[in-house]
Amino acid sequence: MLPDCPPTIWNSGFDDVVGERDGGGELLECPLEISATDYFGPSEGPNKDAASITAKKDEIMAKLQEHGCVWFKDMELTKSPEGFRSFYDALGLDLCLDPIHTSGLRKMISKKDGIYEEVNKPTLRGHYIGLHQESTHVKTSTYGAFVCFQGATIEGGDFLVADGARILRDLDPAVLQRIYENKVRISVSNLDFDFLAATGPLKQPLMNFFQDLIAKAVAPKFDMELEMLWGSDGKPYRLQAVEPPMSPVNRHPKTGMPVWFCNIHNHARYLRDNRPCTVPEVGMTDVYYGDLSGIPKEDLEHIDEVSRKHIVRVPMQPGDIIFVDNYRMLHGRDIFEGDRFHAVAWFSEQTDANGQKVAVERKQGNMLNEMLNNYVENAF
């Protein structure tokens, strides 16, 4: 039984979001590349390798906070799930569930170790995963560690990272001001009930029934404060699960650095429709302003342009680790051919008013995850 993902820490009030976005100082190299051989010394077996990591854990965590992302290369220890577990245990990290654990989009390859398979499913090889934090309005992982066990056997599948601080500083002032003032709402699923058009006087009672049924029986299991809404995208018989309004800009909970804290690059339907996408309609997402009005396509194109400008492609090799500060960094994945085996583990860090670590709620949460993952795996 793993601890639940911790609550999202919001500190998103800005008097002048454009003027304040450069706060936080100089932006250092990101990701910071570290050769394990140079940094830890030659591999001497799992136990000694883990001990070398422990000896430098404070320094590593400081580098992560300074740079936002660390790319460990030439790692022997982490070429297996057991060695991957040794890596994050050596750093003293506290495992937690993925914030969208029950979505079915992540399959756990080791429940006791909290290791999730990345999106390697054959049905999603041709799907480009845009930039996003592992975050919802309600929950956000503090850190994430991505590992490569096997790269794509034919081609592609590069891991993508981008610095949210750099994206924020590069956005056009008018676009940033507009989206910050309006906030965003993210629709995470589409359920089409087109048959309701032919139900005559029963149409409205049936719409009310399905809306109430899904709101009470399904939405709460996702722990996302979802609101079930009809026709947000102009299709009157489409029921969408929509998150509450949220700011696209946040302050880093430790450094106070303003960062782009928004999953619009991955979730906006307009952007998805204009790049490789193999997600079925039920799993299609979209992003609106806080009042559910549409975001201008010109603004979406600009956000996409700035986001892509700051993408760093990481051609990970077996054993490589990408260690991210999830409040600052966004990540994604390019399309690929062949087989690919990457994995990820998520970590929490909660402190009280005195800076002392506090425990988070423990949650099993695997039954719904397994059921939905099996549906996604086998149905598409």
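Caption draft 1: Fine view of the environment of N250. Within the element layout of this structure, N250 appears in strand 14 (residues 249-251). Take N250: its relative accessible area is 1%, and that puts it in the buried class. The residues touching N250, leaving out its near neighbours within four places in the chain, are I9, W10, N11, S12, F14, M257, P258, V259, F261 and Y327. At 2.8 Å, the side chain of N250 forms a polar contact with the backbone nitrogen of N11.

Caption draft 2: Here's a closer look at the pairing of strand 8 (residues 143-150). Among the 8 residues in strand 8, 7 count as buried, and that is most of the element. One ladder, built from 7 bridges, connects strand 8 with strand 21 (residues 341-348); its direction is antiparallel. Note on strand 21: the bridge partner recorded for G144 is W346.

Caption draft 3: Layout of the environment of S141. Assignment of secondary structure puts S141 in the loop between strand 7 (129-132) and strand 8. In this structure S141 comes out as buried when scored by relative accessible area, which is 0%. Placed 132 residues apart in sequence, S141 and D273 show a C-alpha to C-alpha distance of 28 Å. Look past the residues within four positions of S141 in its chain and what remains in contact with it is C5, C96, L97, P99, E134, N326, Y327, W346 and F347.

Caption draft 4: How the structure looks around the sheet that holds strand 19 (residues 329-333). Across the sheet, 4 strands lie side by side as 7-19-10-17; this open sheet has antiparallel pairing. Edge strands, defined here as strands with exactly one partner in the open sheet, are strand 7 and strand 17 (312-314). If you compare each strand with its neighbour and ignore which way they point, the axes differ by 20° on average. Strand direction decides the pairing type here: strand 7 and strand 19, joined by 2 bridges, are antiparallel. For H132, the partnering residue across the bridge sits in strand 19 and is H331.

Conventions used here
- Residues numbered from 1 in each chain as written.
- Predicted model: local features only at pLDDT ≥ 70, side-chain atom pairs only at ≥ 80, totals over all residues.
- Heavy atoms only, no water.
- Helix = DSSP H or I, 4+ residues; strand = E, 2+ residues; numbered from the N terminus.
- Buried < 20%, exposed > 50% of the residue type's maximum accessible area, 1.4 Å probe, protein only.
- Contact = heavy atoms within 4.5 Å.
- Polar contact = N/O pair within 3.5 Å; in protein donor to acceptor, adjacent residues only side chain to side chain.
- Pairing = 2+ DSSP bridges.
- Axes fitted to C-alpha atoms, helices over the stretch in contact; angles between N-to-C directions.

Function-wise, these values are silent; they only describe arrangement.
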